[in-house]
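Understanding the architecture of this molecule
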Amino acid sequence: MKEKQLINAIVEGIQEKKGKKITIVDLSEIESAAASCFIICEGQSTTQVAAIADSIREYVQEHTGTKPFGYDGYQNSQWIIIDYGSILVHVFLPENRNYYKLEQLWNDAKLAEIPDVE
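Presented here is an overview of the structure given in this document.

As for helix α1 (residues 2-16)
Look at α1: 21 Å from first C-alpha to last across 15 residues, which is about the 21 Å you get at 1.5 Å a residue. Against the buried residues of α1 lie β1 (20-26), β2 (37-42), α2 (46-64), β5 (87-92) and β6 (110-114). Two residues or fewer past α1, lysine 18 is found with a positive phi of approximately 60°.

Have a look at this one:
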C-alpha cells in the first residue's frame, strides 16, 4: 500500500505545477526493469520542469515523509529524474520526452494515462 500512496503523492505533486501528459508505466512484471514503476510527465519550459521536480520532492516529503534517494538533471532542466527506489520519476521537456520515448522501451509494461488538470 505504501507504493500506491507514494505514486498518488507524486502525481499530485506533478499536478500542483500543472505538469502534463502524466503516464504511469507499471514495470513490476518485467524482470529486467530497473524499477517497478516509472512516472513520466512533461513541463513546457526548463523553468516549469524544475518547478515540477521541486513540487514532487516537497509534496511527497510533506505528505508521506519520504525523501528521494537522489535526483539529477537540474543543470539544464530538460530531463530531471527523481529516484524513490522502486519508483523513478522522469520530468521532461516535450522534445526530450519524444526523443527518448521511455514509454516504448518496455512493450509489455502496463501504461496508465492520467488526465491533465486544467
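Next comes the rest of the write-up.
A word on the sheet that holds strand β4 (residues 79-83)
The strand order across the open sheet formed by six strands is β3-β4-β5-β2-β1-β6, and the pairing between neighbours is mixed. With one partner strand each, in any of the chains shown, β3 (70-72) and β6 form the two edges of the open sheet. Here the average twist between neighbouring strands, direction ignored, is 15°. Pairing between β4 and β5: five bridges, direction antiparallel. Counterpart to isoleucine 80 in the pairing with β5 is valine 91.

A few points about the packing of α1 against α2
Where α1 meets α2, the closest approach of the two axes is 8 Å, and the angle between their N-to-C directions is 140°. It follows from the interaxial angle that α1 and α2 lie oblique. Crossing geometry of α1 relative to α2 is assigned as right-handed. Touching Lys2, Gln5, Leu6, Ala9, Ile10, Glu12, Gly13, Ile14 and Glu16 of α1 are Ile52, Ser55, Ile56, Tyr59, Val60 and Thr64, all from α2.

Brief notes about a negative patch on the surface
A cluster of acidic side chains, namely Glu12, Glu16, Glu58 and Glu62, defines a negative patch on the protein surface. Mapped by element, the contributors of at least two residues to the negative patch are α1 and α2. The class for glutamate 62 is exposed, based on a relative accessible area of 64%.

Here's the deal with α2
When the terminal C-alpha atoms of α2 are compared, their 27 Å separation across 19 residues agrees well with the 27 Å that a helix rising 1.5 Å per residue should span. The complete set of buried residues in α2 reads Gln48, Val49, Ala50, Ile52, Ala53, Ser55, Ile56, Arg57, Tyr59 and Val60. Each element contacted by the buried residues of α2 is listed here: α1, β2, β3, β4 and β5. Of the residues one or two after α2, glycine 65 is the one with positive phi, at around 75°.

Reading the values: the criteria
- Residues numbered from 1 in each chain as written.
- Predicted model: local features only at pLDDT ≥ 70, side-chain atom pairs only at ≥ 80, totals over all residues.
- Heavy atoms only, no water.
- Helix = DSSP H or I, 4+ residues; strand = E, 2+ residues; numbered from the N terminus.
- Expected span 1.5 Å × (residues − 1).
- Contact = heavy atoms within 4.5 Å.
- Pairing = 2+ DSSP bridges.
- Axes fitted to C-alpha atoms, helices over the stretch in contact; angles between N-to-C directions.
- Parallel < 35°, antiparallel > 145°, perpendicular 65-115°, else oblique.
- Left-handed = near helix turned anticlockwise from the far one by under 90°.
- Patch = residues over 30% accessible without salt bridge, like charges linked within 9 Å, V, L, I, M, F, W, Y side chains within 5 Å.
- Areas by Shrake-Rupley, 256 points an atom, 1.4 Å probe, with all protein chains shown as cover.
- Salt bridge = Lys/Arg side-chain N within 4 Å of Asp/Glu carboxyl O.
- Lys, Arg positive; Asp, Glu negative; His and termini not counted.
- Charge placed at Lys NZ, Arg CZ, Asp CG, Glu CD.
- Buried < 20%, exposed > 50% of the residue type's maximum accessible area, 1.4 Å probe, protein only.

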